[in-house]
Amino acid sequence: MSDLPANPDPPPHHDEAIVMPRSTAWPMVLASGVGLMAIGIPTNLIFSIVGLGIVFTALFGWFGQLLTDEAEVEEPLVAPERRAKSIRPSHKRVLSPTPGQRLELPEKVHPYSAGVKGGLAGGAVMAIVATLYGLFSGRGLWYPINLLAAMILPHFADDTAVELSQFSLAALLVGIVLHLVTSLLVGLFFGVLLPTLPNSPVFWGGVVGPLLWSAGIYSFMGVLNPVMSDYVSWPWFIASQFAFGIVMGLVVVRSEKISAQSLSPASEEEPRDANN
């Protein structure tokens, strides 16, 4: 007879189960391949080629597993009495601050449209700064916009600085579209992010933002726009970024705030108590 004590409370047996995807390492392999491809862009093309091979291998292995009977596995469910209880809506309000709470929700925030307007205003001031650079540097009015359009128009890659100073209708149209779209996207991103940031929008838009995206653009300029990388004046470029950020922040600060609950998709629902 065995000396081991019997289990006093054996788990109840039940036949309920749920079909789940079988665990696999292929997503991690795929992610490593994508990472190598990205590393190869600013460093060495060999990394991108190896990364591409890993990506195809991971996709082949992952989809190959999904198409077999081993793609899914049945996981037994725990006993009903051990499952988490369902969350019941409560009529208590949680927006009222109480001692000990670290969460502070603003009652009013700047609307997303303020970011769009700020992006357009900042883009206009940035264009003025770029134009002043073209005039003061002696390279002409069209030089900055030709450098910007070189991101899309490959024939500018072989042009000299003198040729880049000449007027080009295609470059003008491409440059205007690029500048407008970029300004709108940055402004909209800033407007969406703004309600989550503390302190003044001018600080985030006029100091933190220009520092971050100037450093990012400086790192990837050789890939994004090799022509601009060769001919751009970085002091003027950074000055235009600060001009954009400061004006955008000022426009947002001067905009009329709206109720924070109007930005929440659940604003029309009854408030819920997280403890119940």
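Residues numbered from 1 in each chain as written. Predicted model: local features only at pLDDT ≥ 70, side-chain atom pairs only at ≥ 80, totals over all residues. Heavy atoms only, no water.

Section: the side chain of Gln241
(1) Moving on: Summarising the element assignment, Gln241 is placed in helix H9 (residues 234–254).
(2) Moving on: Apart from the residues lying within four places of it in its own chain, the contact partners of Gln241 are Met126, Pro210, Trp213, Ser214 and Ile217. (Helix = DSSP H or I, 4+ residues; strand = E, 2+ residues; numbered from the N terminus. Contact = heavy atoms within 4.5 Å.)

Overview of the environment of Leu193
(1) Moving on: Tracing the backbone shows Leu193 in helix H6 (residues 169–193).
(2) Moving on: Taking the C-alpha atoms as reference points, Leu193 and Gly115, 78 residues apart in sequence, are found 9.3 Å from one another.

Some thoughts on the packing of aromatic side chains
(1) Moving on: Here the structure, examined in full by the defined rule, presents five aromatic pairs.
(2) Moving on: An angle of 45° between the planes, with centres 5.7 Å apart, marks the rings of Tyr133 and Trp236 as tilted. With Tyr133 in helix H3 (residues 112–136) and Trp236 in helix H9, this pair connects stretches of sequence that are 103 residues apart.
(3) Moving on: Of the residues examined, Tyr133 reaches a relative accessible area of 10% and is grouped as buried. (Phe/Tyr/Trp six-rings, centres within 6.5 Å; stacked < 30°, edge-to-face > 60°. Buried < 20%, exposed > 50% of the residue type's maximum accessible area, 1.4 Å probe, protein only.)

Side note on the pairing of strand S2 (residues 72–76)
(1) Moving on: Burial of S2 is sparse: only zero of the five residues sit out of reach of the surface.
(2) Moving on: Bridge count for strand S1 (residues 17–21) against S2 is five bridges, and the pairing is antiparallel. Bridge assignment links Ile18 to a residue of S2, and that residue is Glu75. (Pairing = 2+ DSSP bridges.)

Quick notes on helix H7 (residues 201–224)
One turn of an α-helix holds 3.6 residues; hence residues three or four places apart share an orientation.
(1) Moving on: In this model, H7 (24 residues) spans only 28 Å end to end at C-alpha, well below the 34 Å of a helix rising 1.5 Å per residue.
(2) Moving on: Of all the bends in H7, the largest measures some 40° and sits at Tyr218.
(3) Moving on: For H7, the set of buried residues is Pro201, Gly205, Gly206, Gly209, Pro210, Ser214 and Met221.
(4) Moving on: On its buried side, H7 packs onto H6, helix H8 (226–231) and H9. (Expected span 1.5 Å × (residues − 1). Bend = angle between axes of the 7 residues up to and from the residue.)

Things to note about the nonpolar core
(1) Moving on: Judged by nonpolar contacts, the single largest core of 14 residues is most densely connected at Leu147, Phe156, Leu164 and Met228.
(2) Moving on: Setting aside residues up to four positions removed in sequence, Phe156 forms contacts with Asn146, Ala150, Leu164, Ser168, Ala171 and Val227.
(3) Moving on: Core analysis: the second largest hydrophobic core is formed by seven residues, Ala114, Leu194, Phe244 and Met248 among them. (Core = buried A, V, L, I, M, F, W, Y, C linked by side-chain atoms within 4.5 Å.)

Side note on the packing of helix H1 (residues 26–40) against helix H2 (residues 45–66)
(1) Moving on: Where H1 meets H2, the axes come as close as 7 Å, and the angle between the chain directions of the two elements is 160°. By the criterion of interaxial angle, the relationship of H1 to H2 is roughly antiparallel. In this structure, the crossing between H1 and H2 has a hand that is left-handed.
(2) Moving on: In terms of residue class, the contact of H1 with H2 is made up of 16 nonpolar, eight polar and no charged. (Axes fitted to C-alpha atoms, helices over the stretch in contact; angles between N-to-C directions. Parallel < 35°, antiparallel > 145°, perpendicular 65-115°, else oblique. Left-handed = near helix turned anticlockwise from the far one by under 90°. Nonpolar A, V, L, I, M, F, W, Y, C, P; charged D, E, K, R; others polar.)

Some details on the packing of H6 against H9
(1) Moving on: The geometry of H6 relative to H9 is characterised by a closest axis approach of 11 Å and an angle of 50° between their N-to-C directions. Compared by their axis directions, H6 and H9 come out oblique. The hand of the H6/H9 crossing is right-handed. When H6 is examined against H9, the residues Ser183, Val186, Gly187 and Phe190 are found in contact with a partner set consisting of Phe244, Met248 and Val252.
(2) Moving on: Within the contact of H6 with H9, the residues separate by chemical class into five nonpolar, two polar and no charged.

Just distances and angles here, no functional claims.
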